[in-house]
Amino acid sequence: GLLTGGSFKSLGEMRFRGEWLMLLGFALQTVLPVIVPSGALSDRAMVWVLWFLPGVILAIALAFNWRRPGIAIAGIGVMFNLLVVGVNGGMPVLVAAATHADIAVEGVLAQLEMSWLHVPAVPTTALLYLADVLPVPGPSGWRGLASLGDFLLAVGVMHSVFTGMHGDEEYF
């Protein structure tokens, strides 16, 4: 946005309907997993309380702002992630896709063992095309797997930030 004449001042002037819901959703998804003691909840309860419920709050906030550039795309991404997690009780990860991002399968399996949110994809996984199946290349330590929802969320947020840096309020 800066390279095309946008400014952080314009970005700071962006206003959203239900801003407090967005902040609550983000805060719950980032703070609760850190402060809830390990073992206090089952993995299944952690998914619902610490990820799914804040995700629904965030989706509602995004729905209030669907006309703002990029927000509808981000909202669809959030909904895709909520759908696949809700149906499978966690975010399925296609371990075989890790090889396409030059990630050691053993490393992915070890991370799955420690994750309360991610589950290995199996032949009966529902909506596998919405799971973490997209290899994300990059430097070592940054590679990973992402979902279609993650991709749409990132594109939507980037579009919203870009237009916000240019003071684009014509959609309201």
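Shown above is the structure to which this text applies.
Description of the structure in this document. (Residues numbered from 1 in each chain as written. Predicted model: local features only at pLDDT ≥ 70, side-chain atom pairs only at ≥ 80, totals over all residues. Heavy atoms only, no water.)

### Re the nonpolar core
Link 1 in the chain: Trp51, Leu62, Val78, Leu82, Val84, Val85 and Leu117 are the most contacted members of the largest nonpolar core, which totals 20 residues.
Link 2 in the chain: Among the secondary structure elements, those contributing two or more residues to this core are α2 (19-35), α3 (43-64) and α4 (71-88).
Link 3 in the chain: Those residues within four positions of Trp51 in sequence are excluded, and the remaining contacts are Gln29, Met46, Asn81, Leu82, Val85, Trp116 and Leu117.
Link 4 in the chain: If you look at the next biggest cluster of nonpolar residues, it comprises nine residues, including Val93, Val95, Ala97 and Leu145. (Core = buried A, V, L, I, M, F, W, Y, C linked by side-chain atoms within 4.5 Å. Buried < 20%, exposed > 50% of the residue type's maximum accessible area, 1.4 Å probe, protein only. Helix = DSSP H or I, 4+ residues; strand = E, 2+ residues; numbered from the N terminus. Contact = heavy atoms within 4.5 Å.)

### Examining a nonpolar patch on the surface
Link 1 in the chain: Together, Val31, Val34 and Ile35 make up a nonpolar patch on the protein surface, roughly 300 Å² of accessible area in all.
Link 2 in the chain: With respect to the helices and strands, the residue Val34 is situated in helix α2.
Link 3 in the chain: Val34 gets classed as exposed once you look at its relative accessible area, which sits at 67%. (Patch = residues over 30% accessible without salt bridge, like charges linked within 9 Å, V, L, I, M, F, W, Y side chains within 5 Å. Areas by Shrake-Rupley, 256 points an atom, 1.4 Å probe, with all protein chains shown as cover. Salt bridge = Lys/Arg side-chain N within 4 Å of Asp/Glu carboxyl O.)

### A word on the packing of α2 against α3
The geometry of a pair of packed helices is captured by two quantities: the angle between their axes and the separation between those axes.
Link 1 in the chain: Between α2 and α3, the shortest axis-to-axis distance is 8 Å and the interhelical angle comes to 160 degrees. Classed by the angle they form, the pair α2 and α3 counts as roughly antiparallel. As α2 runs across α3, the sense of the crossing is left-handed. Across the interface between the two elements, Leu21, Met22, Leu24, Gly25, Phe26, Leu28, Gln29, Leu32 and Pro33 from α2 touch Val49, Leu50, Trp51, Pro54, Gly55, Ile57, Leu58, Ile60, Ala61, Leu62 and Phe64 from α3.
Link 2 in the chain: Of the residues assigned to the contact of α2 with α3, the class counts are 17 nonpolar, three polar and no charged. (Axes fitted to C-alpha atoms, helices over the stretch in contact; angles between N-to-C directions. Parallel < 35°, antiparallel > 145°, perpendicular 65-115°, else oblique. Left-handed = near helix turned anticlockwise from the far one by under 90°. Nonpolar A, V, L, I, M, F, W, Y, C, P; charged D, E, K, R; others polar.)

### Side note on helix α6 (residues 148-165)
Link 1 in the chain: Between its first and last C-alpha, α6 extends 26 Å over 18 residues, near the 26 Å set by a 1.5 Å rise per residue.
Link 2 in the chain: Taken residue by residue, α6 has Gly149, Leu152, Gly156, Ser160, Thr163, Gly164 and Met165 as its buried positions.
Link 3 in the chain: Along its buried surface, α6 packs onto α1 (8-12) and α4.
Link 4 in the chain: Positive phi shows up at Gly167, right after α6, with a value of about 65 degrees. (Expected span 1.5 Å × (residues − 1).)

### What about the side chain of Ser10?
Link 1 in the chain: Within the element layout of this structure, Ser10 appears in helix α1.
Link 2 in the chain: Judged by relative accessible area, Ser10 falls into the buried class, the value being 19%.
Link 3 in the chain: If sequence neighbours within four positions are ignored, Ser10 has contacts with Gly164, Met165, His166 and Gly167.

### Quick look at the environment of Ala59
Link 1 in the chain: Inspection of the secondary structure puts Ala59 in helix α3.
Link 2 in the chain: Non-local contacts of Ala59, meaning those with residues more than four positions away in its chain, are made with Val78, Met79 and Leu82.

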